[in-house]
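Below, each chain spelled out in residue letters.
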There are 2 protein chains.
Amino acid sequence: MGKLNENTLEHVAHRFKILGEPMRLKLLNCLQKGELCVQDLVEQTGAGQANVSKHLSLLSSHGILGRRKKGLHVYYFIKDKSVYDLCDLVCNSLEKDAAGLQQVFTPRQS
Amino acid sequence: MGKLNENTLEHVAHRFKILGEPMRLKLLNCLQKGELCVQDLVEQTGAGQANVSKHLSLLSSHGILGRRKKGLHVYYFIKDKSVYDLCDLVCNSLEKDAAGLQQVFTPRQS
DNA sequence: AAACTATATAACTAAAGAGTAAAATTGTAT
DNA sequence: ATACAATTTTACTCTTTAGTTATATAGTTT
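Cut-off values and rules
- Residues numbered from 1 in each chain as written.
- Chains lettered and ligands numbered in written order.
- Predicted model: local features only at pLDDT ≥ 70, side-chain atom pairs only at ≥ 80, totals over all residues.
- Heavy atoms only, no water.
- Axes fitted to C-alpha atoms, helices over the stretch in contact; angles between N-to-C directions.
- Helix = DSSP H or I, 4+ residues; strand = E, 2+ residues; numbered from the N terminus.
- Parallel < 35°, antiparallel > 145°, perpendicular 65-115°, else oblique.
- Left-handed = near helix turned anticlockwise from the far one by under 90°.
- Contact = heavy atoms within 4.5 Å.
- Nonpolar A, V, L, I, M, F, W, Y, C, P; charged D, E, K, R; others polar.
- Pairing = 2+ DSSP bridges.
- Near = heavy atom within 4 Å.
- Polar contact = N/O pair within 3.5 Å; in protein donor to acceptor, adjacent residues only side chain to side chain.
- Expected span 1.5 Å × (residues − 1).
- Buried < 20%, exposed > 50% of the residue type's maximum accessible area, 1.4 Å probe, protein only.
- Buried area = accessible area lost by both parts, 1.4 Å probe.
- Salt bridge = Lys/Arg side-chain N within 4 Å of Asp/Glu carboxyl O.

Chemist: I'd like a rundown of the packing of helix H1 (residues 6-19) of chain A against helix H2 (residues 22-30) of chain B, residues and numbers included.
Modeler: Where H1(A) meets H2(B), the axes come as close as 9 Å, and the angle between the chain directions of the two elements is 120°. In terms of axis orientation, H1(A) runs oblique to H2(B). As H1(A) runs across H2(B), the sense of the crossing is right-handed. Facing H1(A), whose interface residues are A:Glu6, A:Leu9, A:Glu10, A:Val12, A:Ala13 and A:Phe16, H2(B) presents B:Pro22, B:Leu25, B:Lys26 and B:Asn29. For the contact of H1(A) with H2(B), a count of residues per class yields six nonpolar, one polar and three charged.

What follows is the structure, encoded as structure tokens:
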């Protein structure tokens, strides 16, 4: 994290905030294997149509997803693959935390 | 992002949410060079004392910061350095976005 | 054209959370 | 013990936002 001025700091925080909703991560997770239309995502997530649509709009308006219209359907796809790297980093960090906790709570043989 | 089940997905989102506040990133930014006490951080950020204290509590209760008491002062320090990697990743992604926009809006010589 | 389907938008409700001021803790100094 | 200083906690206000329902838009089919 080199020299974060006030402005870029806001942008970075904003990006994190966008990724900080379980439903949005769920959508990104579904889109790992390739593009899907809104319907598909509604089915796979079990969320409401309007809700899914709003999240997708947000993600695409911030360059994380791309949008492709084909007839009645709108297909969304991953545009910024760095989100997966971010998730991986967080996962590793959380696993390390969990390992640490386990070590604390697992009594040693005496 | 390998196989994120419902549960880990929530945890990852939660971590992002924690990092999704400008003031918290500001605090992490201040702590890059080493530990600081609450007062120092209040001065460096210009935020209210209670506010800073709450953010620090949150960050340390989630393993991102560590806490060390010394007399009247409480020193906070980075415990999970991966947060800087996360910020770097986001910065790179945002820079790429900005570069793309510039390319779109900069007319070529014809 | 009308009927239908997929998606987006608008308006609303409810919950979460950032900031603040005041009171409570905790530790120090006199 | 009293006074003081650093930090935390509590209680509150205000803003933001996720989810929902209903409506609007865009495209298709008959």
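Chemist: Let's hear about the sheet that holds strand S1 (residues 36-37) of chain A: which residues, and what values?
Modeler: Residue and element names in this part refer to chain A. Within the open sheet, the three strands sit side by side as S1-S3-S2. Their pairing is antiparallel. Lying at the two open borders of the sheet, with one neighbouring strand each, are S1 and strand S2 (65-70). Sheet topology note: the S1/strand S3 (residues 73-78) ladder contains two bridges and is antiparallel. Bridging from a neighbouring strand, Cys37 pairs with Tyr75 of S3.

Chemist: Provide a residue-level description of the pairing of strand S3 (residues 73-78) of chain B, including the pertinent values.
Modeler: The sheet contact formed by strand S2 (residues 65-70) of chain B and S3(B) spans six bridges and is antiparallel. Within S3(B), the position partnered with B:Lys69 by the bridge is B:Val74.

Chemist: For the protein's contact with DNA strand D, give the residues involved together with the corresponding values.
Modeler: Taken together, 21 residues lie near DNA strand D, and A:His55, B:Gln49, B:Ser53, B:Arg67 and B:Tyr76 sit nearest. Near-protein atoms of DNA strand D (within 4 Å) split between backbone and bases, with sugar and phosphate holding 61%. One nitrogen or oxygen atom from the side chain of A:His55 is found 2.7 Å from a phosphate oxygen belonging to DNA strand D. B:Val38 places a polar main-chain atom, nitrogen or oxygen, 3.2 Å from a phosphate oxygen of DNA strand D. If you list the elements that add at least two residues to the surface near DNA strand D, you get helix H4 (49-61) of chain A together with helix H3 (38-45), helix H4 (49-61) and S3 of chain B.

Chemist: Give a description of helix H1 (residues 6-19) of chain B that names residues and reports values.
Modeler: Residues and elements named next belong to chain B. Here H1 contains 14 residues, and its C-alpha end-to-end distance of 20 Å stays within 8% of the 20 Å for a straight helix at 1.5 Å per residue. Along H1, the residues classified as buried are Leu9, Val12, Ala13, Arg15, Phe16, Ile18 and Leu19. Where H1 starts, the residue carrying a side-chain oxygen 2.9 Å from the main-chain nitrogen of Asn7 turns out to be Asn5.

Chemist: Can you break down the protein's contact with DNA strand C residue by residue, with the values?
Modeler: Around DNA strand C lies a shell of 22 residues, among which A:Gln39, A:Ser53, A:Arg67, A:Tyr76 and B:His55 are the nearest. Taking all atoms of DNA strand C within 4 Å of the protein, the share assigned to sugar and phosphate is 67%. At 2.2 Å, a side-chain N or O of A:Arg67 approaches a phosphate oxygen of DNA strand C. Of all elements in the fold, only helix H3 (38-45), H4 and S3 of chain A together with H4 of chain B reach the threshold of two or more residues within the surface near DNA strand C.

Chemist: Break down the side chain of B:His55 for me, with residues and values.
Modeler: Inspection of the secondary structure puts B:His55 in helix H4. Beyond its immediate sequence surroundings of up to four residues, B:His55 is in contact with B:Met23, B:Arg24 and B:Leu27.

Chemist: Describe the interface of chain A and chain B, with residues and values.
Modeler: Contacts between the two partners involve 35 residues from chain A, matched on the other side by 36 residues from chain B. Together chain A and chain B conceal approximately 3,400 Å² of surface at their shared face, both sides included; 68% is due to carbon and sulfur atoms. Where chain A touches chain B, the interface holds four salt bridges. With a shortest N-O distance of 3.0 Å, A:Lys26 and B:Glu6 are connected by a salt bridge. Summed over the shared surface of chain A and chain B, the result is eight residue pairs in polar contact (both at pLDDT 80 or more). Only H1, helix H2 (22-30) and helix H5 (82-105) of chain A provide two or more residues apiece to the side of chain A that touches chain B. Broken down by element, the residue count for the side of chain A that touches chain B peaks at 12 residues, all from H5(A). Considering only residue class, the side of chain A that touches chain B consists of 17 nonpolar, eight polar and 10 charged.

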